[in-house]
Amino acid sequence: MAGLFFTEAQQKPDRFYVAYGSNLSLERMRSRCPDAEAFGTAVIPGYRLLFKKSRTGYYATIEQDANCYVPAAVYRISERDEELLDRYEGCPHYYYKQQFRLSVTRLDSGSKMREKKWCMAYMLHEWRGLGKPDTDYFRILEEGYAAWDFDTDILGKGLADSIGNEDARKYLACCRKG
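Some words on the side chain of D35
Part 1 of the reasoning: Tracing the backbone shows D35 in the loop between α1 (26-32) and β2 (37-53).
Part 2 of the reasoning: A relative accessible area of 12% places D35 in the buried class.
Part 3 of the reasoning: Here S78 takes part through its side chain, which lies 2.7 Å from a polar atom of the side chain of D35.

Details of the sheet that holds strand β3 (residues 58-77)
Part 1 of the reasoning: Spatially, six strands are ordered β4-β6-β1-β3-β2-β5 in an open sheet, and the strand pairing comes out mixed. In the strand order of this sheet, the two ends are held by β4 (95-102) and β5 (104-106), each with one partner. Geometrically, the sheet is characterised by an average inter-axis angle of 40° between neighbouring strands, direction not taken into account.
Part 2 of the reasoning: When β2 meets β3, the two strands line up antiparallel, connected through 15 bridges. Residue pairing across strands places L50 opposite T61, the latter belonging to β3.
Part 3 of the reasoning: Each of β2 and β3 is contacted by helix α3 (residues 135-147), which is oriented at about 75° to β3, the strand it contacts most.

Structural notes on the packing of aromatic side chains
Part 1 of the reasoning: The final tally for this structure, using the stated rule, is 10 aromatic pairs.
Part 2 of the reasoning: Ring geometry for Y17 against Y122: centres 5.9 Å apart, planes inclined by 65°, an arrangement best described as edge-to-face. In this pair, Y17 is assigned in strand β1 (residues 15-19) and Y122 in strand β6 (residues 117-124), connecting sequence segments 105 residues apart.
Part 3 of the reasoning: Given the relative accessible area of 3%, Y17 is considered buried.
Part 4 of the reasoning: According to the relative accessible area criterion, Y122 is buried, its value standing at 2%.
Part 5 of the reasoning: These aromatic residues form a ring-pair network of at least three members: Y17, Y75, Y122, Y145, W148 and F150.
Part 6 of the reasoning: Of note, K53 hangs over the ring of Y58, and the distance from its end group to the ring centre comes to 5.4 Å.

Rules used throughout
Residues numbered from 1 in each chain as written. Predicted model: local features only at pLDDT ≥ 70, side-chain atom pairs only at ≥ 80, totals over all residues. Heavy atoms only, no water. Helix = DSSP H or I, 4+ residues; strand = E, 2+ residues; numbered from the N terminus. Buried < 20%, exposed > 50% of the residue type's maximum accessible area, 1.4 Å probe, protein only. Polar contact = N/O pair within 3.5 Å; in protein donor to acceptor, adjacent residues only side chain to side chain. Pairing = 2+ DSSP bridges. Axes fitted to C-alpha atoms, helices over the stretch in contact; angles between N-to-C directions. Contact = heavy atoms within 4.5 Å. Phe/Tyr/Trp six-rings, centres within 6.5 Å; stacked < 30°, edge-to-face > 60°. Lys NZ or Arg CZ within 6 Å of the ring centre and 35° of its normal.

Printed below as a string of structure tokens:
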């Protein structure tokens, strides 16, 4: 981050960010990005959800897969928010940024915007190993998917694609008990 102080322009939400992991939580986004505004939803076509190794555990990421899609919350964020997210996500060491041109459905009207919007997402580097996320983290994702009315089967598939079908079945049975 360049410094402790930001100009008014740097605090004005002027870009789109798509969240598919723990930033689906409005509370978490508010604490991480003070200028962020929940704007809408989108689908990232041709990508699938996976869980990969980062510094402190296994976290959500997306990778190309022509037969899949990942639902995402769309936020308008400021330059300051993006710098804060870069630090939080460990960009560029753990996550890197990818731009997507997406059809966005607005929260305020429920209508799809006429033009596709450029939206930034964070993705873990492809060479990072697959694995099992912490159950508390996975519950945060389940809550986020429920809050945004996303298909939770995508979470289960992402888990199965990361740790195998049998281990995912056991994990989900245990995770949903506790």
